[in-house]
Amino acid sequence: LDSLETKFDVALSISSFDHDGLGRYGDPLNPDGDLEAMRTVYRLTKPEGILFLTVPIGPDVVVWNLHRRYGSLRLPLLLKDWKKISVYGWDDNLFNEPAPFTIQYE
């Protein structure tokens, strides 16, 4: 993908970056796989392009090897190159709620 010269007007990610680098779907283990994937999409999107993104929001946690949940620590890293235009279903209070580490995710 890095060799592509085409730039896109719009990128769409529905709950996918939170899985990158965790090995669940055959990808290599990489603790920053999600951040690297976001940088790749940023490089492939036009400067005025738009990213439609969904990720789990709440206290920062990695549910091994299922997904990441983004909170006050990791979410800014994920979004660092992007300008936030609009959000839906976003609640900053979710960052401070206790993390339910005993929930069964599968």
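Residues numbered from 1 in each chain as written. Predicted model: local features only at pLDDT ≥ 70, side-chain atom pairs only at ≥ 80, totals over all residues. Heavy atoms only, no water.

Considering helix H1 (residues 33-44)
Our working definition: Secondary structure elements are defined from DSSP: runs of H or I of at least 4 residues count as helices, runs of E of at least 2 residues count as strands, and each element is numbered from the N terminus. Residue count minus one, scaled by 1.5 Å, sets the expected span of a helix. A 1.4 Å probe rolled over the protein chains alone gives each residue an accessible area, and that area as a share of the maximum for its type sets the label: buried under 20%, exposed over 50%, partly exposed in between. Here, two residues are considered to be in contact whenever any of their heavy atoms come within 4.5 Å of each other.
Look at H1: 17 Å from first C-alpha to last across 12 residues, which is about the 16 Å you get at 1.5 Å a residue. Along H1, the positions that sit buried rather than exposed are Gly-33, Asp-34, Leu-35, Ala-37, Met-38, Thr-40, Val-41 and Leu-44. Against strand E1 (8-14), strand E2 (45-54), strand E4 (67-69) and helix H2 (75-78) lie the buried residues of H1.

Some details on the packing of aromatic side chains
We apply this condition: Here the aromatic set is Phe, Tyr and Trp, taking the six-membered ring for Trp, and pairing holds for ring centres within 6.5 Å; pairs whose planes are under 30 degrees apart are stacked, those over 60 apart are edge-to-face, and all others are tilted.
This structure, assessed with the given rule, holds one aromatic pair. Ring centres 5.1 Å apart and planes at 85° place the aromatic pair Tyr-42 and Trp-82 in the edge-to-face group. Placement of the pair is Tyr-42 in helix H1 and Trp-82 in the segment after H2, with a sequence separation of 40 residues. With relative accessibility at 36%, the residue Tyr-42 sits in the partly exposed group.

Structural notes on the pairing of E2
Spelled out, the test is: Two strands are counted as paired when DSSP detects at least two bridges linking them. Looking down the strands as they point away from you, a crossover is right-handed if its path from the first strand over the helix to the second goes clockwise.
Here six bridges tie E1 to E2, and the two strands are oriented parallel to one another. Counterpart to Leu-12 in the pairing with E2 is Phe-52. For the segment spanning E1, H1 and E2, crossover handedness is right-handed.

A word on a nonpolar patch on the surface
To be explicit about the condition: Each patch is built from residues lacking any salt bridge and having more than 30% relative accessible area; the joining distance is 9 Å for like charges and 5 Å for nonpolar side chains (Val, Leu, Ile, Met, Phe, Trp, Tyr). Here the open area of atoms and residues is found with the Shrake-Rupley method and a 1.4 Å probe, where only the protein chains shown may cover a residue. Each reported salt bridge corresponds to a side-chain nitrogen of Lys or Arg within 4 Å of a carboxyl oxygen of Asp or Glu.
Residues Val-10, Leu-12, Ile-14, Ile-50, Phe-52 and Ile-85 make up a contiguous nonpolar surface patch of roughly 620 Å² in combined accessible area. For the nonpolar patch, the secondary-structure elements that each account for two or more residues are E1 and E2. Residue contributions to the nonpolar patch peak at three residues, all from E1. By secondary structure assignment, the location of Ile-85 is in the segment after H2. With relative accessibility at 67%, the residue Ile-85 sits in the exposed group.

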